[in-house]
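The chain contents come next:
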Amino acid sequence: MVFDFFRNRGAVDAPKQVPLAQKASATGKVVAWQNGGRVAWSPRDATSLTRSGFAGNPVGFRSVKVIAEAAAALPLVLQDMEQRFETHPILSLIKRPNPGQGRAELLEALYAQLLLSGNAYVEAVSGEIGVPLELHVLRSDRMSVVPGADGWPVAYEYSVSGKSHRFDASGPVSPICHIKSFHPQDDHYGLSPMQAAAMALDVHTAASRWSKSLLDNAARPSGAIVYRGTDGQAQLSGDQYERLVSEIETNHAGARNAGRPMLLEGGLDWKPMGFSPSDMEFQKTKEAAAREIALAFGVPPMLLGIQGDATYANYQEANRAFYRLTVLPLATRVAAALSEWLGAHTGEEVVLTPDLDQVSALSSERDAQWARVAGADFLTQAEKRRLLGLPALSEEASDG
């Protein structure tokens, strides 16, 4: 029976395998065997992506920096339903959040953490109910959410070098403000643009490494040595081949031997080789990957100096779109989260929002909007102020 054969196959002596005949070739060492191996991608955790996509990639680094710096530089105003505050404890806190950071440093770190990991955590140092004494941005890779039985966070745990500190978030006001991006498959953590651009980051980094290896003259030869024997022989002997390879590796390979003339003996001819079509595609692939990285972060490639982008007619138009589509939505969302969280500490209903009238990139749009609203005679003063994002006037001021 067939099954009995498989059961007893261990007792049957397997036939001896006869080794196949192998032939030695003088050119075997230079034959490039290609196979369809698996594609190697970098890890997708926040720490690895930050290291490779921000600290190790110029496009990712500049994309995060230009967004974080632009959003942190936006002027902020604090107002409620009745007035816009010129001075307020919350404004003073944001202006000087802690002894080691100012307003710009704190907000830039906050926006950068949100862009790199999809999560940003702000700690409030306060002993009593009221305006916190200090604000600190905590590293996202060290923070973890502790969900309760109902799925909502009851604590946040901050771990460093084997030690951890737990922030209790079960009270009426949490000491941690957790700002996260939308993630369709995670209830507690956000999705960062760095994760969406991870594949393009790998391609761009790999293309940069290939360019570096080409500059080091180690990726592939820039020419071919053709042997034509005088007696009709068209093949080098084994000793001749080994000697030629040794001389090329010693005297002509590598960046230190760049530009060194090559002395060829009789029968050897040098044939220079230009870039093949596949070599030329590497640069196009790198530029396409750079545009995809910028697209994931919402930065017009023109602002990053990426060539070949004709989406916007000029730099001014690209800068306006950058502020309108990327910087302002991000800054508005973060400012609203901070004001709601700080308002819970003080017991006030206040709104922290970017002051669009002081954004130079949007000056032309704001001028046109002010002109349209001011010329609308069918609107009341209260409606005009509401359209412009201004608080309503008191009755005394409106009557005057």
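The structure reproduced in this document is the subject of the present report. (Residues numbered from 1 in each chain as written. Predicted model: local features only at pLDDT ≥ 70, side-chain atom pairs only at ≥ 80, totals over all residues. Heavy atoms only, no water.)

Taking 1.5 Å of rise per residue, 15 residues should cover 21 Å, and helix α3 (residues 58–72) covers 21 Å from first to last C-alpha, within 8% of that figure. Every buried residue of α3 is listed here: Val59, Gly60, Ser63, Val64, Val66, Ile67, Ala68, Ala70, Ala71 and Ala72. Between the side-chain oxygen at the start of α3 and the backbone nitrogen of valine 59 there is a gap of 3.0 Å, and the oxygen is on asparagine 57. (Helix = DSSP H or I, 4+ residues; strand = E, 2+ residues; numbered from the N terminus. Expected span 1.5 Å × (residues − 1). Buried < 20%, exposed > 50% of the residue type's maximum accessible area, 1.4 Å probe, protein only. Polar contact = N/O pair within 3.5 Å; in protein donor to acceptor, adjacent residues only side chain to side chain.)

Where helix α5 (residues 103–117) meets helix α10 (residues 315–346), the closest approach of the two axes is 12 Å, and the angle between their N-to-C directions is 110 degrees. Put simply, α5 runs roughly perpendicular to α10. Both α5 and α10 take part in a crossing whose hand is right-handed. Only Leu330, Ala331, Arg333, Val334 and Leu338 of α10 make contact with α5, whose side of the interface consists of Leu107, Leu110, Tyr111, Leu114 and Leu115. Across the contact of α5 with α10, the residue classes break down as nine nonpolar, no polar and one charged. (Axes fitted to C-alpha atoms, helices over the stretch in contact; angles between N-to-C directions. Parallel < 35°, antiparallel > 145°, perpendicular 65-115°, else oblique. Left-handed = near helix turned anticlockwise from the far one by under 90°. Contact = heavy atoms within 4.5 Å. Nonpolar A, V, L, I, M, F, W, Y, C, P; charged D, E, K, R; others polar.)

Let's shift gears to unusual backbone geometry. Positive phi, close to 55 degrees, is recorded for serine 161, a residue that is not glycine. For serine 161, the location among the structural elements is in the loop between β6 (153–160) and β7 (163–168). Using a relative accessible area of 76% as the deciding quantity, one classes serine 161 as exposed.

Among the secondary structure elements, asparagine 98 is positioned in the loop between α4 (89–95) and α5. For asparagine 98, the side chain forms a polar contact with the main-chain oxygen of leucine 135, separated by 2.7 Å. Ignoring any residue separated from it by four or fewer positions in sequence, one finds asparagine 98 in contact with Leu106, Glu134, Leu135 and His136.

Turning to the sheet that holds strand β1 (residues 76–79), a few remarks are in order. One open sheet accounts for three strands, arranged β2-β1-β11; its pairing is antiparallel. Each of the sheet's edge strands pairs with one partner strand only, and the pair in question is β2 (84–85) and β11 (351–354). Bridge analysis of β1 against β11 gives four bridges, and the strand direction is antiparallel. Its bridge partner lying in β11, glutamine 79 is registered against valine 351. The sheet strands contacting α10 are β1 and β11, and the helix crosses β11 at an angle near 160 degrees. (Pairing = 2+ DSSP bridges.)

Our next topic: the pattern of salt bridges. Opposite charge on two side chains allows them to pair when their charged atoms are near. Using the criterion set out here, one finds four salt bridges in the structure. We note a salt bridge from lysine 65 to glutamate 108, for which the minimum N-O separation is 2.9 Å. With lysine 65 in helix α3 and glutamate 108 in helix α5, this residue pair connects regions lying 43 residues apart in the sequence. In the salt-bridge network here, residues are joined through shared partners; they are Lys65, Glu69 and Glu108. (Salt bridge = Lys/Arg side-chain N within 4 Å of Asp/Glu carboxyl O.)

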